[in-house]
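# Observations on chain architecture
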Amino acid sequence: MSPLYVCPALLLAATHALAQPATGGGAPGNVWPAKPLRIVSPFAPGGGNDTLSRVLATALTPRLGQQVVVENRPGANTIVGTELVVKSPPDGYTLIVLPNAITINPHLYRKMPFDVARDLSPVLQIGVSPLIFVVHPSLPARSVKDFLALARTKPNELTNGSSGNGSLGHLAGALLGLMTGTSLVHVPYKGTSLAVTELIGGQIVMSFASALTVVPHIRGGRLRALGVTSAKRSPAVPDVPAIAETVPGFSAELWYALFAPAGTPADIINRLHREAGTVLAQAEIKSKLADQGVDALTRSPQEMTKQIAIDLDKWARVVKDTGARIN
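A few points on the structure. Note that the structure is a prediction, hence the values are computed from the model and not measured.

We now examine the sheet that holds strand β1 (residues 37–41). By definition, the strands of a sheet pair up through backbone hydrogen bonds, in either a parallel or an antiparallel sense. Reading across from one edge, β2-β1-β3-β10-β4-β11 is the order of the six strands in this open sheet, with mixed pairing throughout. Only two strands of the sheet have a single neighbouring strand rather than two, namely β2 (68–72) and β11 (295–296). In this sheet, strand β10 (residues 254–261) lies alongside strand β4 (residues 120–129) in antiparallel orientation, the contact comprising eight bridges. Among the inter-strand pairings, proline 122 is bridged to a residue of β10, identified as phenylalanine 259. In the packing of helix α3 (residues 79–86) onto the sheet, contacts are made with β1, β2, β3 (94–99), β4 and β10, and the angle to β3 comes to roughly 150°. Lying on the sheet, helix α10 (residues 266–280) is in contact with β3, β4, β10 and β11; it crosses β4 at an angle near 10°.

In this section: the packing of helix α8 (residues 192–201) against helix α9 (residues 211–219). Between α8 and α9, the shortest axis-to-axis distance is 10 Å and the interhelical angle comes to 20°. The pairing of α8 with α9 is recorded here as roughly parallel in orientation. Taken as a pair, α8 and α9 cross one another with a handedness that is right-handed. Listed contacts from α9 to Thr192, Ser193, Val196 and Ile200 of α8 are Thr213, Val214 and His217. Taken together, the residues of the contact of α8 with α9 break down into three nonpolar, four polar and no charged.

The strand order across the open sheet built from five strands is β7-β6-β8-β5-β9, with neighbouring strands paired in mixed fashion. Each having just a single partner strand, β7 (185–188) and β9 (224–228) make up the two edges of the open sheet. In this sheet, adjacent strand axes meet at a mean angle of 30° when their direction is disregarded. Examined bridge by bridge, strand β5 (residues 131–135) and β9 share four bridges and lie antiparallel to one another. Residue pairing in the sheet places phenylalanine 133 in a bridge with glycine 227 of β9.

Taking burial as the measure, the six residues of β3 include six buried ones, the bulk of the element. Both faces of β3 are covered, namely the face carrying Thr94, Ile96 and Leu98 and the face carrying Leu95, Val97 and Pro99. Of the pairings in the sheet, the one linking β1 to β3 comprises three bridges and is parallel in character. Across the sheet, the residue bridging to valine 40 is isoleucine 96, located in β3. As defined by bridge partners, β3 adjoins β10 across four bridges and the pair is classed as antiparallel. Its bridge partner lying in β10, proline 99 is registered against tyrosine 256.

Parameters at a glance
Residues numbered from 1 in each chain as written. Predicted model: local features only at pLDDT ≥ 70, side-chain atom pairs only at ≥ 80, totals over all residues. Heavy atoms only, no water. Pairing = 2+ DSSP bridges. Helix = DSSP H or I, 4+ residues; strand = E, 2+ residues; numbered from the N terminus. Contact = heavy atoms within 4.5 Å. Axes fitted to C-alpha atoms, helices over the stretch in contact; angles between N-to-C directions. Parallel < 35°, antiparallel > 145°, perpendicular 65-115°, else oblique. Left-handed = near helix turned anticlockwise from the far one by under 90°. Nonpolar A, V, L, I, M, F, W, Y, C, P; charged D, E, K, R; others polar. Buried < 20%, exposed > 50% of the residue type's maximum accessible area, 1.4 Å probe, protein only.

Printed below as a string of structure tokens:
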């Protein structure tokens, strides 16, 4: 049998191809993703952040060709889960879905185990969810304008119940006071549902709460909606005006975004942004988010970096004014 003949030109081409790094992984010879990914949700199962994480993980799995799983790491208003992620290898296999609590926490906690701007790389914004400004039906106010007029006649009398000190509901009330020259009495509870229960019972007169929590009570006439905290009206309650229609520039909406550890290769960030963006543009996914009171609204990593800087500055001023601290 004659020896096998290999064309020198083909051998050279094959050798050259093997020497090139594969795209999508940042490391020569590795194709990303080559193993399952995890999305950390820094809250207990069942909440809004956890639900969004699972919707995203399920939809990304077939697009990436690897299983994407959700791992719950609750604690310290997102800090426990975020610390886990920032200390993970920046290889694209550990991600986290975070709300804008990350821009409030640095001003509430005296010591933070990481720097939000330095240690996280934004992938994309997932969506926004306004809080709904609700009052007890007995309150003689049917609009934000009416409420502000009432608040000016009753300084430090109207009670704003929230899910706790430093929560977005707490700070939304403080921001409204700063922008309108009014002052509310903050009443913290251990969770939004407790605050809403007390509001329905008449123990407090108002609250800023999530759509999921209060829309059934609005429809049932147990609460009256005066406004939403997003810059524009929300599809969740399209007949309720934005507070910004009365108080220009007011915005205290809840946003969610996907992040990776800082230092994650740009090609991985770009791939994740592209795939997640495609997923969030699907009508079925938009509908699932809408069921959670979330309006799918994507932003690029660069846009999210700017938004984080804006929010860090805004909430620093609000927290300073309220004097809120957690430790």
